[in-house]
Amino acid sequence: MINICKLAVHNDFHDSHGIFSLFDGLEVPDLDETLEISESLEEEEEEETHAISNEKPTTNGTSKTNGVPAAATPAVGTTQPEVAN
Amino acid sequence: MNLAQATRMILEGLDLIPSVGVVTPSLPWRQSLGLNRKEENVRPIFWKNRNKSYVQRTQEWDEFPNGRWGDSRSPAYGELDAYGIGLRGTNEQNIKLWGHPKAVRDISNLFVRYVTGQLNSLPWSDQPITVEVDSIKEQLIELNKRGFLTINSQPAVNGVKSTHKVFGWGPKNGYVYQKAYLELLIHPELLSELITRIERNPDLTYYSVDEKGNLKTNSGDGGPNAVTWGVYPGKEIVQPTVVESISFLAWKDEAYRLGKDWASCYAAASPSRHLIKSVMESWYLVNIGKLSSLYIRFRPLD
């Protein structure tokens, strides 16, 4: 058998770097680019993070809260009078 | 003669005491001491650097893969909310460890520091890098410098002795093998080019997934594929580490969750939080295995 055949041994186990050549010439774009956070997003997140705000809600120049005149809104701790039908 | 010392002296004199040599582990991964896991001898490679998490997420299993990985539809991994699976440490500790990344370069520098041993952990690796990757360390550093964030890897090993001090495991007089394996986070713009290159080489298999679970693979049915195996006298071939699709999807949930946990360490409006979150939401988790082969071809003489 040895006289009539030639042995060819294939062994690529030694090629432990075969995967790395896949990345030749590739690089993640904008590696050094810092993320700009828009002010609106920042403000929005501020509100999300800090639920308690000292600012009064916008009332479009009126003194109404949810459509009810300010005078009609009962003060905290008072009882709302019953409305007669 | 009842004393141990006398018996020992006789055995030593007869050269019957085994020499204290390199003690290799019985498997390539650290076995759990749980009584119900005594027979366990196959695990997916994905949790190689998060051993405890794997044990935690599989603790409800009635039986563990033994001999070979069974039906891939059967494993049901535990929830990510269980204790011990999320990111370790307090926000302050993690920020101190990993700083305030503001660009992808800052994140890739953390990976480079991890691979070079200057950093002991990353969100995806509980323990320092091992000497096992020494032979591919330069390539890993180079990849990370270019923004490919390497999470897990192993070099190819061609039949080293089972007593080898780095790669050895199992009984003595055996030989162990490994496929080259690489797992990394890939920028979305580079994914299609990478997959095109992989598919040109029939020896390469890959799995790619995004945070939402969109999976791509060239591995047919995604069944188990051994990446580590050992050959021992009088035993069947042992295949203790596999790559397999269902487990990869379970690992994917954990990997993206760990990244998001890291992002949450930073203030809501901070650049670091937004950067890490955007990486987690848009980058792909990809693993690549290289099927090495050894065969002898007979050719008639000319």
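Right above here is the structure, for reference.
Please read all numbers here as calculations on a predicted model, not as lab measurements.

Considering the overall build of chain B
- Looking only at helices and strands, chain B features eight helices and eleven strands.
- Overall, the C-alpha framework of chain B stretches about 75 × 65 × 40 Å when taken along its three principal axes.
- In chain B, buried positions account for 39% of the 302 residues.
- For chain B, the share of sequence-separated contacts (at least 6 apart) that also reach a separation of at least 24 residues comes to 64%.

Structural notes on the environment of I141 of chain B
Residue and element names in this part refer to chain B.
- In this fold, I141 is placed in helix α5 (residues 137-145).
- Take I141: there are 16 C-beta atoms within 10 Å of it, and that puts it in the partly exposed class.
- Sequence separation of I141 and T90 is 51 residues, and the distance between their C-alpha atoms is 28 Å.
- The contact partners of I141, leaving out residues within four places of it in the chain, are V112, V115 and T116.

Section: the packing of helix α7 (residues 245-263) of chain B against helix α8 (residues 271-282) of chain B
Residue and element names in this part refer to chain B.
- One way to put it is that α7 packs onto α8 with a least axis distance of 8 Å and a crossing angle of 170°. In this view, α7 runs roughly antiparallel relative to α8, as classed from their interaxial angle. Residue-level inspection shows Y256, G259, K260, W262 and A263 of α7 in contact with α8, the latter providing R273, I276, K277, V279 and M280.
- Class assignment of the residues belonging to the contact of α7 with α8 gives a composition of six nonpolar, one polar and three charged.

Some points on the pairing of strand β8 (residues 225-231) of chain B
Residue and element names in this part refer to chain B.
- Bridge count between strand β4 (residues 175-178) and β8: four bridges; the pairing is antiparallel. Within β8, the residue paired with V176 across the bridge is G230.
- Here β8 pairs with strand β9 (residues 238-243) via four bridges, running antiparallel. Bridged to G230 within β9 is V238.
- Hairpin connection from β8 to β9: six residues lie between these consecutive antiparallel strands, with G234 at a positive phi of about 70°.

Cut-offs and rules
Residues numbered from 1 in each chain as written. Chains lettered and ligands numbered in written order. Predicted model: local features only at pLDDT ≥ 70, side-chain atom pairs only at ≥ 80, totals over all residues. Helix = DSSP H or I, 4+ residues; strand = E, 2+ residues; numbered from the N terminus. Buried ≥ 20, exposed ≤ 12 C-beta atoms within 10 Å, placed from the backbone. Contact = placed C-beta atoms within 7 Å. Axes fitted to C-alpha atoms, helices over the stretch in contact; angles between N-to-C directions. Parallel < 35°, antiparallel > 145°, perpendicular 65-115°, else oblique. Nonpolar A, V, L, I, M, F, W, Y, C, P; charged D, E, K, R; others polar. Pairing = 2+ DSSP bridges.

In short, the description is geometric, and any link to function would need to be established separately.
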